[in-house]
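# Descriptive structure summary
As a plain string of letters, each chain reads:
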Amino acid sequence: MQRFWDNPVLRHAGRLGARGARPWVIFLLLAGSALLGALLQKYWMELELYTLLRPERLVRWLALTLLAETVVALPWAAVRGSLLWRRLAGEGHLEEYRRSRLSPFSIALGAILASLSPVLVLLAVSMGVSLIAGITAGELTFPSVATVHGILGAQAFAFAVLGLWLAGRLRYPAAAIPTALVLLAFAVCAIALIDPFLRRLNEPTAWIYWALLPNPVTAVGVALNTDVLRFSWIYQKLHAHEYFFMYPPVWQTVALYLGAGGVLLLRLVRRIARWESP
């Protein structure tokens, strides 16, 4: 029985591109997340950057860095999926896979894993750094750090599949990247989009729940016991706090992304089964 990590498509597609540059990309993305976390502290929490030097603020900076990874890791997964599909289809690799004994499901799974592999490395490094820093400071526990990275892994899976599926669906495959980014922005900003209408709704708490369910940032915040919507800057802009609501449980957000990714995976398998070389 073939193991999923011994997938020929994963081995071949994983070698495409400049593998030597991936460690630098991972480092730059982690550094970018840390910088974005610092900017969130300054402009979102409205705290001066020099407070990062205080031990208690370093832990908060780490938490904000993990929040920032949602808008770094997820787009990267979608971009990798989109670019990989373009290359597999454009260079004839997809047709070669189909002529082999590989099933359409194995081909799709291998492509997804090839897209995700460096993203998972990024999350593994992030988890190691977070455990060392958080546990040393005595603030972040192993369950919370592991839960955060589990959430990010599930969401990255969904966005990698989305990138693959969009690149084959759209007339211009390059349009898959901005489309995925727009969907991510909608998931993050849905609570702000419904805010002007909350007072007109009969059951605003239900709408708040559904707006927050796909939000990757608030899901990570729940895992870190961080009330994202009550940070001072957000608190002044939104009115959701005027209503009694609870953040969706983490498992529901994870289930939503895994379910969406699973549906797109099945559609991707169906497309590969019907694939005709251009």
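The preceding data block contains the structure.
Now for a description of the structure that goes with this document. (Residues numbered from 1 in each chain as written. Predicted model: local features only at pLDDT ≥ 70, side-chain atom pairs only at ≥ 80, totals over all residues. Heavy atoms only, no water.)

### A closer look at the overall build of the protein
Scanning the protein for helices and strands turns up eleven helices and zero strands. Taken from N to C terminus, the helices and strands of the protein fall in the order α-α-α-α-α-α-α-α-α-α-α. The buried share of the protein, reckoned over its 278 residues, is 48%. Surface summary for the protein: the accessible area is close to 14,500 Å², and the carbon and sulfur share equals 65%. (Helix = DSSP H or I, 4+ residues; strand = E, 2+ residues; numbered from the N terminus. Buried < 20%, exposed > 50% of the residue type's maximum accessible area, 1.4 Å probe, protein only. Areas by Shrake-Rupley, 256 points an atom, 1.4 Å probe, with all protein chains shown as cover.)

### Brief notes about the packing of helix H6 (residues 142-169) against helix H11 (residues 250-273)
For the pair H6 and H11, interaxial distance at closest approach is 9 Å and the crossing angle is 25°. Considering their axes alone, H6 and H11 lie roughly parallel with respect to each other. As H6 packs across H11, the resulting crossing turns out to be left-handed. Here the contact of H6 with H11 is built from residues that sort into 16 nonpolar, six polar and three charged. (Axes fitted to C-alpha atoms, helices over the stretch in contact; angles between N-to-C directions. Parallel < 35°, antiparallel > 145°, perpendicular 65-115°, else oblique. Left-handed = near helix turned anticlockwise from the far one by under 90°. Nonpolar A, V, L, I, M, F, W, Y, C, P; charged D, E, K, R; others polar.)

### Overview of a positive patch on the surface
The grouping of Arg 169, Arg 267, Arg 270 and Arg 274 at the surface amounts to a positive patch. Looking at where Arg 270 falls in the secondary structure, it is placed in helix H11. (Patch = residues over 30% accessible without salt bridge, like charges linked within 9 Å, V, L, I, M, F, W, Y side chains within 5 Å. Salt bridge = Lys/Arg side-chain N within 4 Å of Asp/Glu carboxyl O. Lys, Arg positive; Asp, Glu negative; His and termini not counted. Charge placed at Lys NZ, Arg CZ, Asp CG, Glu CD.)

### What to know about the pattern of salt bridges
Inspection of every chain in the model, using the stated rule, returns two salt bridges. Arg 87 is the salt-bridge partner of Glu 91, the closest N and O atoms lying 3.1 Å from each other. In this structure, Glu 95 and Arg 99 form a salt bridge, with 3.5 Å as the shortest nitrogen-oxygen distance. Of this pair, Glu 95 and Arg 99 both sit in helix H4 (residues 93-99), four residues apart, roughly one helical turn.

### Quick word on the packing of aromatic side chains
Two aromatic rings are characterised by how far apart their centres lie and by the angle between their planes. All chains considered together, the criterion is met by four aromatic pairs. Here the aromatic rings of Trp 24 and Phe 27 are separated by 6.4 Å at their centres, their planes lie at 85°, and the arrangement is edge-to-face. Of this pair, Trp 24 and Phe 27 both sit in helix H2 (residues 22-44), separated by three residues, roughly a single helical turn. A residue is classified by how much of its surface remains accessible, and Trp 24, at 61% relative accessible area, is exposed. Arranged with centres 5.1 Å apart and planes meeting at 80°, the rings of Tyr 209 and Trp 210 form a pair that is edge-to-face. Judged by relative accessible area, Trp 210 falls into the exposed class, the value being 57%. The cationic tip of Arg 271 hangs over the ring face of Trp 85; the distance from NZ or CZ to the ring centre is 5.9 Å. (Phe/Tyr/Trp six-rings, centres within 6.5 Å; stacked < 30°, edge-to-face > 60°. Lys NZ or Arg CZ within 6 Å of the ring centre and 35° of its normal.)

### What to know about helix H8 (residues 204-212)
Among all positions of H8, only Pro 204, Ile 208, Ala 211 and Leu 212 are buried. For H8, the angular spread of the buried residues around the axis is 90°, confining them to a single face. Structurally, H8 contributes buried residues whose contacts are with helix H7 (176-194) and helix H9 (216-223). (Arc of directions from axis to C-beta. Contact = heavy atoms within 4.5 Å.)

### Concerning H9
Taking burial as the measure, the eight residues of H9 include seven buried ones, the bulk of the element. What H9 keeps buried is the set Pro 216, Val 217, Thr 218, Ala 219, Val 220, Gly 221 and Ala 223. Where H9 ends, the next residue or the one after it, Asn 225, has phi of about 55°, a positive value.

### Comments concerning the nonpolar core
Ranked by size, the top nonpolar core spans 73 residues in total, and within it Trp 85, Leu 116 and Phe 159 carry the most contacts. Looking at this core, the element that brings in the most residues is H6, giving 16 residues. Apart from residues no more than four positions distant in its own chain, Trp 85 is found in contact with Gly 90, Leu 94, Leu 164, Ala 167, Gly 168, Leu 268, Arg 271, Ile 272 and Trp 275. Membership of the second largest hydrophobic core comes to 14 residues, among which are Ile 191, Ile 194, Leu 238 and Tyr 247. (Core = buried A, V, L, I, M, F, W, Y, C linked by side-chain atoms within 4.5 Å.)

### What to know about the environment of Phe 197
Topologically, Phe 197 is positioned in the loop between H7 and H8. Counting along the chain gives ten residues from Phe 197 to Trp 207, while the straight-line C-alpha distance between them is 10.0 Å.

### Points about the side chain of Thr 253
Following the sequence through the fold, Thr 253 ends up in helix H11. When near neighbours in sequence (up to four residues on either side) are disregarded, Thr 253 contacts Gln 155, Leu 213, Asn 215, Ala 219 and Pro 248.

### Details of the packing of H6 against H9
Running from amino to carboxyl end, H6 crosses H9 at an angle of 160°, the nearest separation of the two axes being 8 Å. Comparing their axes, H9 and H6 come out roughly antiparallel. Crossing of H6 over H9 shows right-handed handedness. Residues Ser 144, Thr 147, Val 148, Ile 151, Leu 152 and Gln 155 of H6 pack against Pro 216, Ala 219, Val 220 and Ala 223 of H9. Taken together, the residues that form the contact of H6 with H9 break down as seven nonpolar, three polar and no charged.

Honestly, it's all geometry; don't read function into it.
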